[in-house]
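# Summary of the model geometry
This is what each chain is made of:
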There are 2 protein chains.
Amino acid sequence: MAYAGLTPERLTRAGAELADEVGFDQVTVSALARRFDVKVASLYSHLKNSQDLKTRIALLALEELADRAADALAGRAGKDALTAFANVYRDYAREHPGRYAAAQLRLDPEAAAAGAGVRHARMMRAILRGYDLAEPDQTHAVRMLGSVFHGYVSLETAGGFSHSAPDSQESWSRVLDALDALLRNWPAS
Amino acid sequence: MAYAGLTPERLTRAGAELADEVGFDQVTVSALARRFDVKVASLYSHLKNSQDLKTRIALLALEELADRAADALAGRAGKDALTAFANVYRDYAREHPGRYAAAQLRLDPEAAAAGAGVRHARMMRAILRGYDLAEPDQTHAVRMLGSVFHGYVSLETAGGFSHSAPDSQESWSRVLDALDALLRNWPAS
DNA sequence: TGGACATGCCTAAAAGTATTAGGCAAACGG
DNA sequence: CCGTTTGCCTAATACTTTTAGGCATGTCCA
């Protein structure tokens, strides 16, 4: 058999595509081997194991997400930045549901620290520079923003907001309006 | 072998306990059979298949959550109700991480409609009676509350807020304060 | 240029999970 | 007490994960 040219990177990318097509929990070493028309055992020269594959896909997704967010944030501030950043999350989850699910994978602390998690946190704080929040309220606000973005996208992806009026796009806009208003008027302790 | 007394209900409860102990994605028909000291095939008289088991655990968790929330809401209004309701979610997820994960399972629409999802939605709206929100803002607010609660609890469970100051309890309180302020002062379209 | 060595994918095999089909014995109803 | 139902069992198939060891292909050096 000719060389298939397997590498960890190609396997990770293919795994991410597979995740978007069939769901992250359906991503399996076997399925990936089928996709490359190669025997399953062959992948174990490039991947430590199944968990390793999933972790790599998660890290890929976090990087992509951080790259998009950084792009979106460039040259924006205030509500404009808030909206752009939030839309990156939502759009990414809609375009790449499998990757987004992967990004939610619980990573061991060292993998998380090595990954793009830190970039995400820094960008959140950058957005808050457009509002007037001192510590520790800034941290509270960062956590709240993360919760709303992740929570909304996650519920929407699960189908929570479909089949009922008003449509999800409208709620999303109004939720972002509300967040902006809240940040401009954050209640004192 | 003496009769083990298997029923769908007992299997579901045991599955929920198993989920809390080892994680929802580790809940397997085989593991459940081991717990009852019974052969795997025996469970298939009581469960349609693995998916059926997971769905039952999810529905159980949603019921328990709705029961607790209804208790907490009784006799409360306004911010008091908001806080009590939110704490039910958070406490449940901390006490029963496996069950909480199960409650996030994507259910087929018919199972979801039959389940406690409707009760949850109604309780959210009941909380909002303490604030002055007309439709469609009420729906937007319901979606936002759901997003914050689910998102916060989910990120906290994933370890997102540990190992950094201020501690998560403090952020949670301040986020609830912020939500209360926001609902009392919801921005006009 | 031809061998030496490393690399890449293979076969083989063991273990765990999911699921179905059919059997035997205990419980139960008349 | 007998017949039927119920409940758990054995047996078998299929798929996924993972390890061990083999053969061929590509690379590098004399």
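Note that this is a predicted model, so its numbers are computed, not measured.

## Some details on the relation of the copies chain B and chain A
- Mapping chain B onto chain A is achieved by rotating through 180° and translating by 0.0 Å along the same axis, at an RMSD of 0.0 Å. One copy is carried onto the other by what is essentially a two-fold rotation axis. When C-alpha distances to the rotation axis are compared across chain B, the minimum falls at B:G151, with a value of 1.9 Å.
- Comparing contact sets, 100% of the residues at the interface of chain B also lie at the interface in chain A, consistent with an isologous, same-surface contact.

## Quick word on the protein's contact with DNA strand C
- The environment of DNA strand C is formed by 21 residues, the closest being A:K39, A:S42, B:T28, B:Y44 and B:S50.
- Counting only atoms of DNA strand C within 4 Å of the protein, the sugar-phosphate share comes to 71%.
- Between DNA strand C and the protein, one listed contact pairs a phosphate oxygen with a side-chain N or O atom of A:H46 at 3.0 Å.
- Here a phosphate oxygen of DNA strand C and a side-chain polar atom of B:Y44 are 3.0 Å apart.
- In terms of residue count, helix α2 (residues 29-35) of chain B provides more of the surface near DNA strand C than any other element does, 3 residues in total.
- Across the surface near DNA strand C, the residue classes tally to 11 nonpolar, 8 polar and 2 charged.

## Looking at the pattern of salt bridges
- A full pass over the atoms with the stated rule returns 30 salt bridges over all chains.
- When the shortest N-O distance is used, the salt bridge between B:R125 and B:E135 registers 2.7 Å. Taken as a pair, B:R125 in helix α7 (residues 117-128) and B:E135 in the loop between α7 and α8 (137-157) lie far apart in primary sequence, 10 residues in all.
- Exposure remark for B:R125: the relative accessible area of 28% places this residue in the partly exposed category.
- Bridged by salt links that share partners, the residues A:K79, A:R174, A:D177 and B:D137 form one connected network.

## With respect to the interface of chain B and chain A
- Between chain B and chain A, the contact holds 36 residues from the first and 36 residues from the second.
- Taken together, both faces of the contact between chain B and chain A bury some 2800 Å²; the carbon and sulfur share is 63%.
- Counting the surface chain B buries against chain A, the share from its top three residues, B:H140, B:R143 and B:R174, is 26%.
- Connecting chain B to chain A are 2 salt bridges.
- For B:R174, the salt bridge is made with A:D137, and the minimal N-O distance between the two is 3.2 Å.
- Where chain B touches chain A, the interface holds 20 residue pairs in polar contact (both at pLDDT 80 or more).
- Ranked by residues supplied to the side of chain B that touches chain A, first place goes to α8(B) with 14 residues.

## Concerning the UniProt feature "DNA-binding region" (unreviewed entry) in chain A
- Residues annotated in UniProt with the feature "DNA-binding region" (unreviewed entry) correspond here to residues 28-47 of chain A.
- Span residues 28-47 of chain A is 35% helix and 0% strand, its end C-alpha atoms 12 Å apart.

## A word on the packing of aromatic side chains
- The final tally for this structure, using the stated rule, is 12 aromatic pairs over all chains.
- Chaining the aromatic ring pairs together yields one cluster made of A:F85, A:Y89, A:F149, A:Y152, A:F161 and A:W172.

## A look at the side chain of A:H150
- Tracing the backbone shows A:H150 in helix α8 (residues 137-157).
- A relative accessible area of 7% means that A:H150 is categorised as buried.
- Among the polar contacts made by the side chain of A:H150, one reaches the side chain of B:S154 at a distance of 3.1 Å.
- Filtering out sequence-adjacent residues up to four positions away, A:H150 remains in contact with A:Y100, A:Q104, B:G151, B:S154 and B:L155.

## Quick notes on helix α9 (residues 168-184) of chain A
- For α9(A), built from 17 residues, the straight-helix expectation of 24 Å at 1.5 Å per residue is met to within 8% by its first-to-last C-alpha distance of 24 Å.
- The element α9(A) is extensively covered by neighbouring structure, given that 12 of its 17 residues are classed as buried.
- Regarding α9(A), the residues found buried are A:S168, A:S171, A:W172, A:R174, A:V175, A:L176, A:A178, A:L179, A:D180, A:A181, A:L182 and A:L183.
- Against the buried residues of α9(A) lie α4 (78-95), α7 (117-128) and α8 of chain A together with α8 and α9 (168-184) of chain B.
- The N-capping residue of α9(A), defined by a side-chain oxygen 3.0 Å from the backbone nitrogen of A:Q169, is A:D167.

## Considering unusual backbone geometry
- At the junction of B:E135 and B:P136, the peptide bond is cis and its omega measures out at 0° in the coordinates.
- Residue position: B:P136 is located in the loop between α7 and α8.
- Residue B:A165 is joined to B:P166 through a cis peptide bond whose omega torsion reads -10°.
- Looking at where B:P166 falls in the secondary structure, it is placed in the loop between α8 and α9.
- Not every positive phi belongs to a glycine, and A:D37 is a case in point at roughly 55°.
- Looking at the element boundaries, A:D37 is found in the loop between α2 (29-35) and α3 (50-73).
- Given a relative accessible area of 61%, A:D37 falls into the exposed group.

Quick notes on the rules
Residues numbered from 1 in each chain as written. Chains lettered and ligands numbered in written order. Predicted model: local features only at pLDDT ≥ 70, side-chain atom pairs only at ≥ 80, totals over all residues. Heavy atoms only, no water. Least-squares fit on C-alpha atoms with pLDDT ≥ 70 in both. Contact = heavy atoms within 4.5 Å. Near = heavy atom within 4 Å. Polar contact = N/O pair within 3.5 Å; in protein donor to acceptor, adjacent residues only side chain to side chain. Helix = DSSP H or I, 4+ residues; strand = E, 2+ residues; numbered from the N terminus. Nonpolar A, V, L, I, M, F, W, Y, C, P; charged D, E, K, R; others polar. Salt bridge = Lys/Arg side-chain N within 4 Å of Asp/Glu carboxyl O. Buried < 20%, exposed > 50% of the residue type's maximum accessible area, 1.4 Å probe, protein only. Buried area = accessible area lost by both parts, 1.4 Å probe. UniProt positions renumbered as here; feature names shortened; annotations may be inferred. Phe/Tyr/Trp six-rings, centres within 6.5 Å; stacked < 30°, edge-to-face > 60°. Expected span 1.5 Å × (residues − 1).

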